[in-house]
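What follows is the residue order along each chain.
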Amino acid sequence: MLKNFKVIEVISQKSRALLTFYQGRLKFNHHTAAELNFSQYVQLAYDSNQRCFAIIAATEDSDNGVQFYNRGGDAKPYPISLYTKAAIETIANMMNWHDENKYYSIPGQRFVEEGAIVFNLKDATEGVVSTRGGTK
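Residues numbered from 1 in each chain as written. Predicted model: local features only at pLDDT ≥ 70, side-chain atom pairs only at ≥ 80, totals over all residues. Heavy atoms only, no water.

(A) Region of interest: the nonpolar core. Among the nonpolar cores identified, the biggest contains 26 residues, and Phe21, Leu26, Phe28, Phe53, Phe68 and Phe119 are the most heavily contacted of them. For this core, the elements supplying multiple residues, two or more each, are strand S1 (18–22), strand S2 (25–28), strand S4 (52–58), strand S6 (80–82), helix H2 (85–95), strand S7 (102–111) and strand S8 (116–120). No other element matches H2, which puts 6 residues into this core. Among residues more than four places away in sequence, those in contact with Phe53 are Leu19, Leu26, Phe28, Leu44, Ala45, Tyr46, Ala87, Ile91, Ile117, Val118, Phe119 and Leu121. (Core = buried A, V, L, I, M, F, W, Y, C linked by side-chain atoms within 4.5 Å. Buried < 20%, exposed > 50% of the residue type's maximum accessible area, 1.4 Å probe, protein only. Helix = DSSP H or I, 4+ residues; strand = E, 2+ residues; numbered from the N terminus. Contact = heavy atoms within 4.5 Å.)

Right, here's the structure in full:
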């Protein structure tokens, strides 16, 4: 029945990765780490023309590698925060996201062969930062 069918090459895969951008930090959900095989180090990359940000699995010896995941793969699924000033400033300037009262959630797109997850910043959902316990 399927002898005349050709398999369609899939460049990317559905991802459950999520990046949340705050002034001062980048927060990745646990799925991001899992989809990068719990890589201890990553490289951070961007495309200002497409307004995309990527996180790429790396090693300790990789150029511009930053520590990413330092727990075991069976650890509780806590989010991972990065405080890499250069990346935060690059994204903030590229997207004009300078309001400390806002955050932006961006879904990822997984590229398995490259060991990368790309976040299209144009797909961001904006939210308002709330303080715990409310106002006094």
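(B) Molecular detail of the packing of aromatic side chains. A full pass over the atoms with the stated rule returns 7 aromatic pairs. With 5.3 Å between their ring centres and 50° between their planes, Phe21 and Trp97 make a pair best called tilted. Note that Phe21 is positioned in strand S1 and Trp97 in the loop between H2 and S7, a separation of 76 residues in sequence. Of the two residues, Phe21 and Trp97, both sit in the buried class. Clustering of aromatic rings is evident, with ring pairs tying together Phe21, Trp97 and Tyr104. The cationic tip of Arg25 hangs over the ring face of Tyr22; the distance from NZ or CZ to the ring centre is 4.4 Å. (Phe/Tyr/Trp six-rings, centres within 6.5 Å; stacked < 30°, edge-to-face > 60°. Lys NZ or Arg CZ within 6 Å of the ring centre and 35° of its normal.)

(C) Inspection of unusual backbone geometry at higher detail. Residue Asn37 is not a glycine yet carries a positive backbone phi of 55°. Note on placement: Asn37 falls in the loop between helix H1 (30–35) and strand S3 (41–47). Since its relative accessible area comes to 64%, Asn37 is described here as exposed. The backbone of Asn96 sits at a positive phi, close to 60°, despite the residue not being glycine. Here Asn96 shows up in the loop between H2 and S7. Under the relative-accessibility criterion, Asn96 is labelled exposed at 60%.

(D) Broad picture of H2. All of the buried residues in H2 are Ala87, Ile88, Ile91, Ala92, Met94 and Met95. One side of H2 holds all its buried residues, which, seen down the axis, span an arc of 170°. Exposed side of H2, more than 90 degrees from the buried face: Lys85, Ala86 and Asn93 are the residues found there. Tucked inside the fold, the buried residues of H2 contact S1, S2, S3, S4 and S6. Asn96 sits one or two positions beyond H2 and adopts a positive phi of about 60°. (Arc of directions from axis to C-beta.)

(E) Region of the structure containing the pattern of salt bridges. This structure, assessed with the given rule, holds 2 salt bridges. Linking Lys85 and Glu89 is a salt bridge whose minimum nitrogen-to-oxygen distance equals 3.8 Å. Taken together, the residues span about one helical turn, with Lys85 and Glu89 both in helix H2 at a distance of 4 residues. Glu89 gets classed as partly exposed once you look at its relative accessible area, which sits at 39%. Across the pair Glu126 and Lys102 runs a salt bridge, and its minimum N-O distance is 3.4 Å. With Glu126 in strand S9 (residues 125–128) and Lys102 in strand S7, the pair connects residues that are 24 residues apart, well separated along the chain. (Salt bridge = Lys/Arg side-chain N within 4 Å of Asp/Glu carboxyl O.)

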